[in-house]
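# Architecture at a glance
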2 protein chains.
Amino acid sequence: MSANAIQMTGRLEPRAAWTAEGCSLAKALDVVRTRSAFLILREAFYGATRFEEFTGRTGLSDPVTAERLRELTEAEILRREPYREPGQRTRERYRMTDKGAELLPVMVALMQWGDRWLQRRGAPVELRHEGCGARVHAELRCEDDHRVGVEELELASGPGARRR
Amino acid sequence: MSANAIQMTGRLEPRAAWTAEGCSLAKALDVVRTRSAFLILREAFYGATRFEEFTGRTGLSDPVTAERLRELTEAEILRREPYREPGQRTRERYRMTDKGAELLPVMVALMQWGDRWLQRRGAPVELRHEGCGARVHAELRCEDDHRVGVEELELASGPGARRR
DNA sequence: CAGCTGGCTTATGGTCGGCTGAGCCAGCTA
DNA sequence: TAGCTGGCTCAGCCGACCATAAGCCAGCTG
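All of these numbers come straight from a predicted model, not from anything done at the bench.

Calculation rules
The residue numbering used here restarts from 1 in each chain and proceeds along that chain's sequence as written. Whichever chain is written first is A, and whichever ligand is written first is 1; the rest continue in order. Restriction of local features to residues with pLDDT of at least 70 applies here, the model being predicted, together with a cutoff of 80 or more for giving and counting side-chain atom pairs; totals for whole chains, interfaces and linings are based on all residues. Secondary structure counts use DSSP, requiring at least four H or I residues in a row for a helix and at least two E residues in a row for a strand, with both numbered from the N terminus. Expected helix span is computed as 1.5 Å times (number of residues minus one). Whether a residue is buried, exposed or partly exposed is read from the other C-beta atoms within 10 Å of its own C-beta, which are placed from the backbone; 20 or more gives buried, 12 or fewer gives exposed, and intermediate counts give partly exposed. Relevant arc is that of directions from the helix axis to the C-beta atoms, nothing else. Residues are scored as being in contact if the C-beta atoms we place from backbone atoms lie within 7 Å. Here, nearness is defined through the C-beta atom: a residue counts as near a molecule or strand if that backbone-placed atom lies within 6 Å of it. The convention used is that axes are lines fitted to C-alpha atoms, helices contributing only their stretch in contact, and that angles between N-to-C directions extend from 0 to 180 degrees. Should an angle lie under 35 degrees it is considered roughly parallel, over 145 roughly antiparallel, and from 65 to 115 roughly perpendicular; all remaining angles are considered oblique. Helix crossings get a hand from a simple test, with the near helix turned counterclockwise from the far one by less than a right angle marking a left-handed crossing and a clockwise turn marking a right-handed one. In this classification, the charged set is Asp, Glu, Lys and Arg, the nonpolar set is Ala, Val, Leu, Ile, Met, Phe, Trp, Tyr, Cys and Pro, and all remaining amino acids, among them Gly, are polar. For this analysis, nonpolar core means a set of buried Ala, Val, Leu, Ile, Met, Phe, Trp, Tyr and Cys residues linked through C-beta atoms within 7 Å.

Once that is clear, we can look at helix α4 (residues 62–74) of chain A. All names here are of chain A. Taking 1.5 Å of rise per residue, 13 residues should cover 18 Å, and α4 covers 18 Å from first to last C-alpha, within 8% of that figure. T65, R68, L69 and L72 are the residues of α4 that are buried. For α4, the angular spread of buried residues about the axis comes to 100 degrees, placing them on one side. α4 presents P63, R70 and E74 as exposed residues on the side facing more than 90 degrees away from its buried surface. Tucked into the core, α4 has its buried residues touching α2 (35–45), α3 (51–58), β2 (78–84) and β3 (90–96). Directly beyond the C-terminal end of α4, a positive phi value near 60 degrees is found at E76.

Right under this line is the structure:
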């Protein structure tokens, strides 16, 4: 067993007896699989709401941006809502739903991995805890609030597992 | 400003004055952008090391598996090493490097989002803390160990920012 | 009422990600 | 020596992802 692999317990042992069919990771990737979707979500977290902001800040083309916004809205990660600036006509803007907001740990985790392994001089952008000002990162915790490393993880069958 | 967006501080305000060029998230996505790469990493975390395990458990075809293993090895996320089972010839297997292991929070975060929003009956597979047995999840913390929600985040310029 | 702007859509084409099906090579086993 | 198995490679194809270039429409501003 590799040093960086997760231990198996209970009904998941032996590994040869099951596959990850119906896996939540695969399902999540079916919803947000593309680079463009991640970039649009990044900008949504950064506060972008208007079409032009999304294209301008991500460098994506108009057609891709439009298609992705449609898909993310369809998936209820973004919500379209009308708005009106003074002296302007009514337009649509895009805001994060709670479902979308819960993708934040994914984004932060990816970003910090990039900061650590792919940048020379460290993070170009840092996340800070408002008020306290300390840097923010994503980490694994158990419900008893212990910090958890790879070697301390066990896999177990959950409530959504298919019985056979 | 949307309720689910991050606040800006200091040199990052106003947002119109900067773009996320050189962003770590985009760089990370350049390394692991495909569904197949995520699935292979999932299986590597679950303990797979041999070519046949990767193809069998992910459902990916041979050519894609081979190409992805090559790319992940090239990116130093996996490491090839020779091994030999008794009465067999020497073969190669793939193991996670430390760089690869640090992608675990990304995988866990994606998986838990899928568990929460895309499954009917909850997680098919659960992660537990070895020994203590409590369920494990990914979350955001600051260096002072406070739990951090979306509305409590601030963006600031980091050491790797481009000055102009 | 002409023009401009924001927010798109349409058309076209290149590159990438994935599949199937076939073949190849090393070395063990019969 | 012939076959089998694991770990691949090669060829050919299709659909998804992304770009560029152009056009469209609503409604404000001159």
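Still to come is the rest of the account.
Next up on the list: the protein's contact with DNA strand D. As a matter of local geometry, DNA strand D sits amid 21 residues, with S36, S61 and R89 of chain A together with E52 and A66 of chain B nearest to it. Going through the elements one at a time, α2 and α4 of chain A together with α3 (51–58), α4 (62–74) and β3 (90–96) of chain B are the ones with two or more residues in the surface near DNA strand D.

What follows covers unusual backbone geometry. For E76 of chain A, which is not glycine, the phi torsion reads 60 degrees and is therefore positive. On the secondary structure map, E76 of chain A appears in the loop between α4 and β2.

All right, on to the packing of α2 of chain A against helix α1 (residues 24–31) of chain B then. Interhelical geometry of α2 of chain A versus α1 of chain B gives an angle of 165 degrees and a closest axis separation of 10 Å. The angle between α2 of chain A and α1 of chain B falls in the class roughly antiparallel. Taken as a pair, α2 of chain A and α1 of chain B cross one another with a handedness that is right-handed. Across the interface between the two elements, R35, F38, L39 and R42 of chain A from α2 of chain A touch L25, A26 and L29 of chain B from α1 of chain B. Grouping the amino acids of the contact of α2 of chain A with α1 of chain B by side-chain chemistry returns 5 nonpolar, no polar and 2 charged.

It is worth spelling out the protein's contact with DNA strand C at this point. Around DNA strand C sit 21 residues, and of these E52 and A66 of chain A together with S36, S61 and R89 of chain B come closest. Contributions of two or more residues to the surface near DNA strand C are made by α3, α4 and β3 of chain A together with α2 (35–45) and α4 of chain B. Broken down by class, the residue content of the surface near DNA strand C amounts to 6 nonpolar, 6 polar and 9 charged.

A few words on the environment of E130 of chain A. Relative to the assigned elements, E130 of chain A resides in the loop between β4 (125–129) and β5 (136–142). E130 of chain A sits in the partly exposed class, given 16 other C-beta atoms within 10 Å. Apart from the residues lying within four places of it in its own chain, the contact partners of E130 of chain A are Q7, E152, L153 and E154 of chain B.

Within the largest apolar cluster, 87 residues are counted, with the highest numbers of intra-cluster contacts made by M107 of chain A together with M107 of chain B. Leave out the neighbours within four places in its chain, and M107 of chain B touches L25 of chain A together with L41, R42 and F45 of chain B.

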